[in-house]
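What the coordinates show
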Amino acid sequence: MERIRSSPPSVAAWSLPDLARAAIEARSKGRAGPPDDPHSRPAAQPACSNSSSGGPDVPESLDTQPVSAEPLWRLGTAYFSRKVTLTAAELGVFTVLADGPLTAEQLRIRLELHPRGVPDFLDALVALGMLERDGDRYRNTPLSDHFLNEKRPSYVGAFLSAADARWDRLADALRTGEPQNRWGAGPQMFTEQYRTTAAWRNFTAGMDYLNGMIGPPVAEAFDWTSVDSVVDVGGARGNLVAALLRRHPHLKAGVFDLPGVEPVFIEHMTQLGIADRVTFHAGDFFTVPMPAADVLILSHVLHDWALQERQALVSRAFDALAPGGRLMVIDPMIDDDRRGTAGALLTSLNMLMVTPHGAEYTAAEARDWLTEAGFTGITAVPIGVHNTLLSGVRPA
Ligand SMILES: C[S@@+](CC[C@H](N)C(=O)[O-])C[C@H]1O[C@@H](n2cnc3c(N)ncnc32)[C@H](O)[C@@H]1O
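Reading the values: the criteria
- Residues numbered from 1 in each chain as written.
- Predicted model: local features only at pLDDT ≥ 70, side-chain atom pairs only at ≥ 80, totals over all residues.
- Heavy atoms only, no water.
- Helix = DSSP H or I, 4+ residues; strand = E, 2+ residues; numbered from the N terminus.
- Buried < 20%, exposed > 50% of the residue type's maximum accessible area, 1.4 Å probe, protein only.
- Core = buried A, V, L, I, M, F, W, Y, C linked by side-chain atoms within 4.5 Å.
- Contact = heavy atoms within 4.5 Å.
- pLDDT = per-residue confidence, 0-100.
- Pairing = 2+ DSSP bridges.
- Axes fitted to C-alpha atoms, helices over the stretch in contact; angles between N-to-C directions.
- Expected span 1.5 Å × (residues − 1).
- Near = heavy atom within 4 Å.
- Polar contact = N/O pair within 3.5 Å; in protein donor to acceptor, adjacent residues only side chain to side chain.
- Areas by Shrake-Rupley, 256 points an atom, 1.4 Å probe, with all protein chains shown as cover.
- Nonpolar A, V, L, I, M, F, W, Y, C, P; charged D, E, K, R; others polar.

Naming follows an unreviewed UniProt entry, where the chain appears as O-methyltransferase family 2 of Verrucosispora sp. MS100047.

As a rule of thumb, non-glycine residues mostly have phi less than zero, and peptide bonds are mostly trans rather than cis. A positive phi is found at alanine 236, a non-glycine position, where the angle reads about 55 degrees. For alanine 236, the position within the fold is in the loop between β4 (229–233) and α12 (239–247). For alanine 236, a relative accessible area of 8% puts it in the buried group. One non-glycine residue with positive phi stands out, namely arginine 338, at about 55 degrees. By secondary structure assignment, the location of arginine 338 is in the loop between β8 (326–331) and α15 (342–354). Note on arginine 338: relative accessible area 52%, which makes it exposed.

Judged by nonpolar contacts, the single largest core of 67 residues is most densely connected at Trp224, Leu296 and Leu327. In this structure, tryptophan 224 is in contact with Val218, Ala219, Val230, Leu244, His248, His250, Leu251, Val295, Ile297 and Met328, ignoring residues within four places of it in sequence. In this structure, Leu97, Leu111, Leu113 and Tyr138 belong to the second largest nonpolar core, which totals 20 residues.

With that settled, the discussion passes to the confidence of the model for the chain. For the chain, the mean per-residue pLDDT works out to 87, and 84% of the residues sit at or above 70. Within the model, the stretch residues 1–51 combines pLDDT values under 50 with 50 contacts to residues more than four positions away or in other chains.

Moving on to the sheet that holds strand β7 (residues 295–299). The seven strands lie next to each other as β6-β5-β4-β7-β8-β10-β9, forming an open sheet whose pairing is mixed. Strands at the two margins of the open sheet, each flanked by one partner only, are β6 (278–282) and β9 (376–383). Ignoring strand direction, the axes of neighbouring strands in this sheet form an average angle of 20 degrees. Two elements, β7 and β8, share five bridges in a ladder whose sense is parallel. When the bridges of β8 are listed, leucine 298 appears paired with valine 329. The sheet contacts of helix α16 (residues 363–373) involve β8, β9 and β10 (387–393), and relative to β10 the element is tilted by about 20 degrees.

Let's shift gears to helix α14 (residues 307–320). When the terminal C-alpha atoms of α14 are compared, their 20 Å separation across 14 residues agrees well with the 20 Å that a helix rising 1.5 Å per residue should span. When α14 is considered as a whole, its buried residues turn out to be Glu309, Arg310, Leu313, Val314, Ala317, Phe318 and Ala320. Residues of α14 that are buried in the fold lie against β7, β8 and α16.

Another aspect to go through is the site of the ligand. If you check the shell around the ligand, you find 19 residues, and the closest are Gly234, Asp257, Asp284, Phe285 and Ser299. Separating a nitrogen atom of the ligand from a backbone N or O atom of glycine 234 is a distance of 2.6 Å. At 2.8 Å from a nitrogen atom of the ligand is found a main-chain nitrogen or oxygen belonging to phenylalanine 285. For the ligand, whose unbound accessible area comes to 590 Å², protein coverage reaches 98%. Sort the elements by how many residues they give to the shell around the ligand and helix α10 (residues 197–211) lands first, with four residues. A class-by-class count of the residues in the shell around the ligand yields ten nonpolar, six polar and three charged.

If you want it as structure tokens, here you go:
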């Protein structure tokens, strides 16, 4: 397919040095943006003003140091990348390419797309690391093939698209304090939302996409040689303990989760070839005692719940551990000053969107819950992307 570039690139395609140069030229010509940028307006006529005289409330002059738009521009256009990637997943780009490389024209015909946007769409996916291009043929990268090819059990396109749509309702969540999904409140919030094995499969694939970034560092962050057994409480389909077993084959591993998770747990463990090495303990962790083990893990569990429920889970873990046993708590914990951990603060807003009472918390808060439950020797280390591993020991 021929690539015709008769008009200048859009503002998003300008490199930052281009933008800086264009801004200087524009200022000298009385323009506010890059040449031919449709968003440019004459500098003397601000696009938006609430001044009754029609002029700016705070007049600017050439003596005023210009405020760089760059950080806002980066934020304001960040969704371009997400939309291109998720739209490609929705259209089936990665699923079709999983069968083999195709030219842009072959792919366009398979996906029934209009010719106009296809070259930029596919090359943007190359630039974003979601596709490779060899000559004129496109193929998946390992990343897109693993997570965005619908034929794989690790597919998270639907999970990510649902989150994308939900975040359009952030203002509603902030006005009402209500989650923007169908979860019920209280201990039944998972069972109400996930009524079918397919729903659990979709959800736990999303969890694997997240816990896949913390399993390998957890396997390295601690001396597992002296540990005999580990149970991941709320461990979904066993992906985190699989990472531990991969690195420490001597471990006896288990997962404690709701009965509805068991079919997808068996499926996943079978696919990984470790079905005979991980035990599934079915139950409600608010009512059924946690299984005994040398190490219990609560990964991305406490942030789902209100304070009282978090404290109850920590206390129930204490009761299940033998003296010398260890509890590991993993979540994207917020820094004490609540300004240095944007990732954790944004994840906390995600908990507003998906749970009635969930939120991220600081390591200091978690330390208090463990101390109140009786744990000692509490330590915290950063782990994976935005996460903290906080652990404590039940004293002898
Ligand atoms: C946010 S997911 C975290 C999954 C996994 N630990 C991880 O790090 O990806 C929370 C997990 O807790 C489980 N869960 C929720 N309520 C539960 C309950 N009452 N009893 C046992 N497990 C529960 C869910 O099924 C789910 O697997």
